[in-house]
Amino acid sequence: MYVAVKGGEQAIENAHAWLAEERRGDTEIAELSIAQIREQLSLAVNRVMAEGSLYDPDLAALAIKQARGDLIEAIFLIRAYRTTLPRFGASEPVDTGEMACDRRISATFKDLPGGQVLGPTFDYTHRLLDFKLAADGEVPEAPMRDADLGDVPHVTEFLNREGLIEEAPYDDTPPPDLTREPLEMPAERALRLQALTRADEGFTLGLAYSTQRGYARNHAFVGELRIGAVPVEMEIPELGFAIEIGEITLTECETVNQFKGSKTEPAQFTRGYGLVFGQTERKAISMALVDRALRWEELGEDNVGAPAQDAEFVLYHADNIQATGFLEHIKLPHYVDFQSELELVRKLRREAGVDQVQEAAE
Amino acid sequence: MKDGFDANTARKAWMSLLARAPEGRAAALLDTAMVRPAFTWLRAPEIGGTMVGARAGATGAPFNLGEMTLTRCTLTLETGEIGHAYIQGRRKADAAAAALIDALMQTDAAEMLRAAVLDPLQDEQTRAKAARAAKAAATKVDFFTMVRGED
């Protein structure tokens with residue numbers, strides 16, 4: 001039986017008014033501007049862009065402000081906004097070999113063309129709270145060095161020359177698009193990569209960690225991690241040629257993984273790939289490990305039943321907006337559902353004679 | 001045919017430069033250089049998105065990485081030249097300035113605009129890129145080998 005119930009409008013309106021007040025906090029404290037969030041909480045902004053799957057730092061900063069810093073709520077706002085945007089086209093695939101690298105490191109090769117460039121990293125900090133940041137202070141300008149990095153080729157290119165690593169052969173198959181077609185199994189790699197790049201960072205990290213701990217272990221090294229700006233080119237139909245429409249910052253991780261070889265393939269290294277909007281290093285490494293684990297079938301590896309090998313499990317649970325939508329809906333009114341459950345439990349207890357037993361005990 | 005190719009290359013270069021310009025910068029340079037001529041919108045500035053592509057393993061099969069916001073518009077000058085703009089972000093005023101510059105670059109004003117708008121924009125972008133590259137270079141590790149301990 002469906003029972004329509006009305007009520008609560010005033011309570012909802014008042015709750016939202018209070019939310020706005022709590023969001024602002026103590027009015028004695030200066031209000032945060034969107035530009036402050038964009039510039040000073042930029043890694044939060046990057047995460048919201050990556051998982052919101054929309055590159056726009058100002059919108060991500062606005063979403064973080066509106067969501068009171070709840071990043072999943074902010075991602076939800078961005079996902080909702082992006083559905084309202086008319087699609088003007090699709091870009092050419094970005095060329096990460098052309099990246100203007102802020103950071104570029106390899107855990108596998110010490111001396112590589114372009115060198116080990118640390119960039120603005122938390123690595124090698126002592127993870128001690130810096131109380132100087134609690135006081136106002138000028139930041140000294142970062143040192144510069146008059147040195148051209150020159151070409152910064154991908155690390156896997158060196159291994160390719162010896163045939164020691166699998167190739168990623170050029171291909172122009174149009175990829176499926178998760179934003180146009182619902183996710184269906186089996187999911188080809190292009191679809192998996194699209195789902196993983198916008199997947200929840202925590203979930204992806206946990207799965208990647210599980211592969212390191214032995215659930216579908218694939219012995220990953222970070223062959224290369226690079227962060228920097230790449231131009232985005234798009235074909236303009238009115239012109240008949242492609243132009244750069246802007247520039248985006250990306251984090252790319254290529255893992256080099258052990259592979260013992262199979263009946264048809266000699267022993268060689270295999271690869272996992274992570275590419276994520278913004279400076280999002282933990283996510284990009286995690287993505288590469290999970291991508292590699294999901295490739296077990298094409299590489300002829302055993303399915304050991306590990307969660308990270310199960311594409312359906314991974315992809316259907318990696319999206320934090322789907323997950324939180326379903327999870328959080330159970331707090332909304334289910335009065336009628338629960339009423340029927342209540343009646344069922346009472347009936348079962350009557351049939352089992354539970355109430356009589358209790359009466360006898362009294 | 002070769003002329004057409006060169007013209008496209010030049011146009012691609014300035015349209016790309018305008019798309020990468022920081023907020024308000026192209027408009028400010030244009031307004032310093034000249035009074036904006038009259039024009040008619042063929043497509044008023046509108047905000048949308050584009051799907052950014054990438055390749056698995058950087059060189060392999062393409063996949064969809066995510067979307068980015070984009071503003072586009074098209075206008076025509078009274079003398080008939082058509083200007084287009086496709087620029088990153090939600091920036092209608094910047095798109096309007098970029099489309100106007102694109103149209104004007106097809107007129108006699110091209111040389112003046114190159115000197116007053118495009119060259120300064122290019123210089124600023126080159127300097128900003130160089131400063132970032134120099135900061136990155138300062139974080140490049142110089143290895144030195146310690147005495148090895150095997151013997």
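Not measured: the values here are computed from a predicted model.

A. Main features of empty space enclosed by the protein. Summed over all chains, the structure comprises one cavity of 30 Å³ or more. Counted as a void, the largest cavity has a volume near 30 Å³. Forming the walls of the largest cavity are A:I243, B:M15, B:L18, B:H84, B:A85, B:Y86, B:I87 and B:A98. Those elements that provide at least two residues to the lining of the largest cavity are helix 1 (2-20) and strand 3 (82-88) of chain B. Take the lining of the largest cavity: its biggest share by element is four residues, from strand 3 of chain B. Grouping the constituent residues of the lining of the largest cavity by class yields seven nonpolar, one polar and no charged.

B. View of the interface of chain B and chain A. At the interface, 54 residues of chain B touch 75 residues of chain A. Interface of chain B and chain A: buried area, both sides summed, is about 5,700 Å²; carbon and sulfur atoms make up 59% of it. At the boundary of chain B with chain A, the tally comes to ten salt bridges. Notably, a salt bridge pairs B:K12 with A:E233, separated by 3.2 Å at the nearest N-O pair. Secondary structure elements with two or more residues in the side of chain B that touches chain A: helix 1, strand 1 (39-55), strand 2 (62-77), strand 3 and helix 4 (110-138) of chain B. Partitioning the side of chain B that touches chain A into residue classes produces 23 nonpolar, 17 polar and 14 charged.

C. Geometry of helix 3 (residues 92-104) of chain B. Residue and element names in this part refer to chain B. With 13 residues, helix 3 should reach 18 Å at 1.5 Å per residue; the first-to-last C-alpha distance of 18 Å fits that figure. The buried fraction of helix 3 amounts to eleven of the 13 residues, a majority that puts the element mostly inside the structure. Buried within helix 3 are the following residues: D94, A95, A96, A97, A98, A99, L100, I101, D102, A103 and L104.

D. View of the pairing of strand 6 (residues 270-277) of chain A. Residue and element names in this part refer to chain A. With eight of eight residues buried, strand 6 lies mostly within the body of the structure. Bridge count between strand 5 (residues 241-257) and strand 6: eight bridges; the pairing is antiparallel. When the sheet's bridge partners are listed, T251 is paired in strand 6 with V276.

E. Geometry of the domain arrangement of chain A. All names here are of chain A. With domains assigned, chain A is organised as domain 1 (9-82), domain 2 (96-120 + 149-324) and domain 3 (334-362). Spacing between the C-alpha centres of domain 1 and domain 2 amounts to 29 Å. If you look at the interface, domain 1 gives 14 residues, while domain 2 gives 20 residues. Of the roughly 1,400 Å² buried where domain 1 meets domain 2, counting both sides, 60% is carbon and sulfur surface. Across the domain 1-domain 2 interface, the total number found is two salt bridges. The salt bridge partner of R47 is D200, with a shortest N-O separation of 3.1 Å.

F. Broad picture of the layout of surface pockets. Of the volumes computed, that of the second largest pocket is approximately 780 Å³. Residue lining of the second largest pocket: 44 residues in total, with A:R189, A:R192, A:R295, A:E298 and A:L299 positioned closest to the centre. When residues of the lining of the second largest pocket are traced back to their parent elements, those giving at least two are helix 7 (189-197), strand 6 and helix 10 (311-317) of chain A together with strand 2 of chain B.

G. Quick look at the side chain of A:R271. Take A:R271: it is sitting in strand 6. On the basis of relative accessibility, which here comes to 4%, the residue A:R271 falls in the buried class.

H. Examining the packing of helix 3 (residues 42-52) of chain A against helix 4 (residues 57-66) of chain A more closely. Residues and elements named next belong to chain A. Between helix 3 and helix 4, the least distance of the axes is 9 Å, while the angle of their chain directions is 105°. Taken together, the axes of helix 3 and helix 4 are roughly perpendicular relative to one another. Judged by residue contacts, A44, V45, V48 and M49 of helix 3 engage P57, A60, A61 and I64 from helix 4. Of the residues in the contact of helix 3 with helix 4, the class split is eight nonpolar, no polar and no charged.

I. A look at the state of the cysteines. Evaluation of the coordinates by the stated rule reveals zero disulfides over all chains. Of all cysteine sulfurs in the structure, the one in A:C253 sits closest to A:C101, which takes part in no disulfide; the separation is 13 Å.

J. Quick peek at the nonpolar core. Core analysis: the biggest nonpolar cluster contains 103 residues, and A:I248 and A:L250 have the highest contact counts within it. The element that contributes the greatest number of residues to this core is helix 3 of chain B, accounting for eight residues. In terms of domain composition, this core takes at least three residues from each of domain 1 (9-82) and domain 2 (96-120 + 149-324) of chain A. Not counting residues within four places of it along the chain, the set of residues in contact with A:I248 comprises A:Y55, A:G228, A:A229, A:V230, A:V232, A:F277, B:V52, B:M68 and B:Q88.

K. Examining helix 7 of chain A more closely. Of all nine residues making up helix 7 of chain A, nine are buried, and the element is well covered by its neighbours. Buried residues in helix 7 of chain A make contact with helix 3, strand 6, helix 9 (281-294) and helix 10 of chain A together with strand 1 and strand 2 of chain B.

L. Here's a closer look at the environment of A:E166. Residue and element names in this part refer to chain A. Residue placement: E166 occurs in the loop between helix 6 (156-161) and helix 7. Since its relative accessible area comes to 13%, E166 is described here as buried. Between the C-alpha atom of E166 and that of R271, which follows or precedes it by 105 residues, the distance is 7.1 Å.

M. A look at the pattern of salt bridges. Counting across every chain of the model gives 41 salt bridges over all chains. Close ionic contact of B:R90 with A:D56 constitutes a salt bridge, the shortest N to O distance being 2.8 Å. Residue B:R90 is found in the loop between strand 3 and helix 3, and its partner A:D56 is found in the loop between strand 1 (54-55) and helix 4; the two belong to separate chains. The buried category is assigned to A:D56, whose relative accessible area is 5%. The partner of B:R72 in a salt bridge is B:E46, with the nearest N and O atoms 2.8 Å apart.

Parameters at a glance
Residues numbered from 1 in each chain as written. Chains lettered and ligands numbered in written order. Predicted model: local features only at pLDDT ≥ 70, side-chain atom pairs only at ≥ 80, totals over all residues. Heavy atoms only, no water. 1 Å grid on protein atoms, 1.4 Å probe; cavity = no way out; pocket = protein on both sides within 12 Å on 5 of 7 lines; lining within 4 Å. Points joined across faces, edges and corners; volume = space filled by probe spheres on them. Helix = DSSP H or I, 4+ residues; strand = E, 2+ residues; numbered from the N terminus. Nonpolar A, V, L, I, M, F, W, Y, C, P; charged D, E, K, R; others polar. Contact = heavy atoms within 4.5 Å. Buried area = accessible area lost by both parts, 1.4 Å probe. Salt bridge = Lys/Arg side-chain N within 4 Å of Asp/Glu carboxyl O. Expected span 1.5 Å × (residues − 1). Buried < 20%, exposed > 50% of the residue type's maximum accessible area, 1.4 Å probe, protein only. Pairing = 2+ DSSP bridges. Domains from an automatic or database assignment. Axes fitted to C-alpha atoms, helices over the stretch in contact; angles between N-to-C directions. Parallel < 35°, antiparallel > 145°, perpendicular 65-115°, else oblique. Disulfide = S-S within 2.5 Å. Core = buried A, V, L, I, M, F, W, Y, C linked by side-chain atoms within 4.5 Å.

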